[in-house]
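Okay, here's what each chain looks like letter by letter:
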Amino acid sequence: NTTNVIFTCDDIGTLVYVQLWVGEVPGDGCNDWDYCTTFMEVQDNNNVCSNSRTASIGGNISDEKGESVENVEVNINGAMTSNVMTTNNGQYHFDVTEGNDYSITPMKTDDIRNGVSTFDLALISKHVLNVESLNSPYKLIAADANRSGSITTLDLVAIRKVVLFVANDFPNNTSWRFVDKDYIFRNPQNPFASVFPEVKNYNNITGANMADFVGVKIGDVSGDAKANGLSSVDDRTFNETFYLNAEDKTFKSGDRIEVKFEADLQNVEGYQATMNFNSKALELEDIESATLTKENFGLTMVEKGIITTSWNGTATNNEAFTLIFSAKAKGKLSEELSISSLYTKAEAYANNDLLNVNLNFGTTATITKFTLHQNVPNPFKSETTIGFDLPKSDEATLTISDVSGKVLRVIKGNYQSGYNSIVIDLTNNLPYGVLIYELETSTDKATKKMTLMR
């Protein structure tokens with residue numbers, strides 16, 4: 001006649017066998033009964049029986065320079081499975097139960113090109129050729145783009161494909177790797193000699209525990225990857241301009257146009273850029289190699305009028321390469337060809353200095369006065385080009401501010417006489433709406449407005 005059964009905390013996690021009986025109502029003169037045997041799985045879903053104590057695992061993830069790495073997915077596995085994202089100061093935290101085992105694994109796979117440029121290729125090439133070795137185990141890990149455990153020309157090939165937008169990932173690798181900060185490399189000159197820990201393990205955990213990691217941006221050995229978005233001002237100083245020189249030509253539909261480019265390749269370590277051509281007027285037929293070969297170009301977007309280029313090394317002359325076009329309409333090369341940072345950023349490198357990159361079609365002699373041009377396009381959503389004319393070679397400073405006067409970006413450089421241009425990407429942590437840009441030289445100053453749209 002029992003209508004209930006009480007289970008206690010001692011039964012938690014066990015299978016309790018019971019008999020369920022069915023019978024006649026007592027007092028009706030009959031005594032018919034039957035039962036079946038089953039079991040109850042006793043659970044404590046509200047934790048009323050728990051006597052366990054809480055432990056914790058937390059830490060900070062930063063790069064080799066100590067810059068906090070945000071938006072790292074930190075996974076915990078073991079007695080619990082979960083994940084959190086690091087904050088903009090690189091921190092994360094888990095509350096766990098004492099006495100259990102856990103593993104912490106950071107992961108970040110986004111923004112493959114962050115901090116990766118032809119300058120990194122130049123530095124890695126010096127290491128491969130034993131000219132100048134990379135001076136930290138983290139830089140060596142960053143240089144191992146294909147995760148082979150060694151640094152070879154195959155890593156250079158993989159990184160260049162990413163720079164040229166030919167590939168969007170590294171073979172067998174992720175965008176970032178993370179090394180246990182407490183780990184001491186047995187051989188810092190060869191971090192691959194033994195397996196370095198990318199996971200932090202805890203057994204029978206108690207109390208508060210710190211699991212810090214060093215983030216390594218793959219492909220970035222120069223250390224200029226942006227680890228977080230806390231900084232809103234981007235200062236880039238171009239000490240001078242690296243020019244790709246070509247003869248200006250007019251053409252008509254049906255013409256075959258050979259554009260031979262020369263440059264001062266002997267005095268730079270490398271350069272990269274996005275070359276733009278009007279695909280309604282020109283069609284690329286071929287690229288003839290000189291110092292640069294076809295491996296130095298990305299043609300995945302050539303139908304849109306986009307050619308990416310990246311070169312580093314040594315040159316014996318100024319002959320760079322030749323582009324061969326067929327004309328689909330009449331036009332002029334200086335009006336149909338341009339340099340930008342739309343995909344591969346336009347920059348060159350000489351003695352560790354950053355140089356601007358521009359085209360020169362031999363028009364500098366016609367410039368007689370200082371002029372700041374309206375940016376093109378305007379309004380814009382991602383990137384715009386600011387052009388200006390200089391009557392003589394001079395240092396120029398471009399300052400971009402919001403309407404309240406707050407400085408958002410400063411770019412300095414030495415520019416040749418004639419037409420020059422600076423490509424600006426303003427979408428990173430900058431306000432939408434009307435912006436002010438001012439160009440100042442040693443003798444002149446001019447200001448214009450532009451509009452950044454959502």
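Refer to the structure presented above.
The present account deals with the structure reproduced in this document.

## Digging into the overall build of the protein chain
Line of reasoning, step 1. Along its length, the protein chain carries 4 helices and 31 strands.
Line of reasoning, step 2. A compact globule built from 454 residues would reach a C-alpha radius of gyration of about 22 Å, whereas the protein chain, at 32 Å, exceeds it by more than 25%.
Line of reasoning, step 3. When the backbone C-alpha atoms are referred to their principal axes, the protein chain occupies close to 120 × 55 × 45 Å.
Line of reasoning, step 4. Looking at the protein chain residue by residue over its 454 residues, the buried ones come to 45%.
Line of reasoning, step 5. When contacts within the protein chain are restricted to residue pairs at least 6 apart in sequence, long-range pairs at least 24 apart make up 71% of them.
Line of reasoning, step 6. Just so you have it, the protein chain exposes about 23500 Å², and 46% of that area is on carbon and sulfur atoms.

## Remarks on the sheet that holds strand β26 (residues 383–390)
Line of reasoning, step 1. The 3 strands are arranged β25-β26-β29 in an open sheet whose pairing can be described as antiparallel. In this open sheet, the two strands that pair with only one neighbour each are β25 (371–372) and β29 (418–425).
Line of reasoning, step 2. The pairing of β25 with β26 spans 2 bridges and is antiparallel. If you follow T371 over to β26, its bridge partner there is D389.

## As for the pattern of salt bridges
Line of reasoning, step 1. Enumeration over the complete set of coordinates arrives at 10 salt bridges.
Line of reasoning, step 2. Two residues, D110 and K108, come together in a salt bridge whose shortest N-O distance is 3.1 Å.
Line of reasoning, step 3. Residue classification places D110 among the partly exposed residues on the basis of a relative accessible area of 36%.
Line of reasoning, step 4. The buried category is assigned to K108, whose relative accessible area is 9%.
Line of reasoning, step 5. Taking the shortest distance from any N to any O, the salt bridge between E198 and R147 comes out at 3.3 Å. On the criterion of sequence distance, the pair formed by E198 in the loop between β8 (176–180) and β9 (200–202) and R147 in the loop between α2 (137–143) and α3 (153–163) is long-range, its members being 51 residues apart.
Line of reasoning, step 6. Its relative accessible area of 35% is what places R147 among the partly exposed residues.
Line of reasoning, step 7. Through salt bridges that share partners, R147, R177 and E198 make up one connected network.

## A short note on the pairing of strand β11 (residues 213–217)
Line of reasoning, step 1. For β11, a buried count of 5 out of 5 residues is recorded, marking the element as mostly surrounded by other parts of the structure.
Line of reasoning, step 2. Burial of the side chains of β11 extends over both faces: F213, G215 and K217 are buried on one face and V214 and V216 on the other.
Line of reasoning, step 3. Bridging between β8 and β11 involves 5 bridges; their strand directions are antiparallel. Note on β11: the bridge partner recorded for R177 is V216.

## Overview of unusual backbone geometry
Line of reasoning, step 1. At the junction of N378 and P379, the peptide bond is cis and its omega measures out at -5° in the coordinates.
Line of reasoning, step 2. Within the secondary structure layout, P379 lies in the loop between β25 and β26.
Line of reasoning, step 3. Positive phi, close to 55°, is recorded for R147, a residue that is not glycine.

## Examining the packing of helix α1 (residues 118–128) against α3
Line of reasoning, step 1. Relative to each other, α1 and α3 sit at 170°, their axes nearing to 10 Å. Compared by their axis directions, α1 and α3 come out roughly antiparallel. Contacts between α1 and α3 involve T118, L121, I124 and S125 from the first element and L156, I159, R160 and V163 from the second.
Line of reasoning, step 2. For the contact of α1 with α3, the class distribution of residues is 5 nonpolar, 2 polar and 1 charged.

What counts and what doesn't
Residues numbered from 1 in each chain as written. Predicted model: local features only at pLDDT ≥ 70, side-chain atom pairs only at ≥ 80, totals over all residues. Heavy atoms only, no water. Helix = DSSP H or I, 4+ residues; strand = E, 2+ residues; numbered from the N terminus. Rg over C-alpha atoms; globule rule 2.2 N^0.38 Å. Buried < 20%, exposed > 50% of the residue type's maximum accessible area, 1.4 Å probe, protein only. Contact = heavy atoms within 4.5 Å. Areas by Shrake-Rupley, 256 points an atom, 1.4 Å probe, with all protein chains shown as cover. Pairing = 2+ DSSP bridges. Salt bridge = Lys/Arg side-chain N within 4 Å of Asp/Glu carboxyl O. Axes fitted to C-alpha atoms, helices over the stretch in contact; angles between N-to-C directions. Parallel < 35°, antiparallel > 145°, perpendicular 65-115°, else oblique. Nonpolar A, V, L, I, M, F, W, Y, C, P; charged D, E, K, R; others polar.

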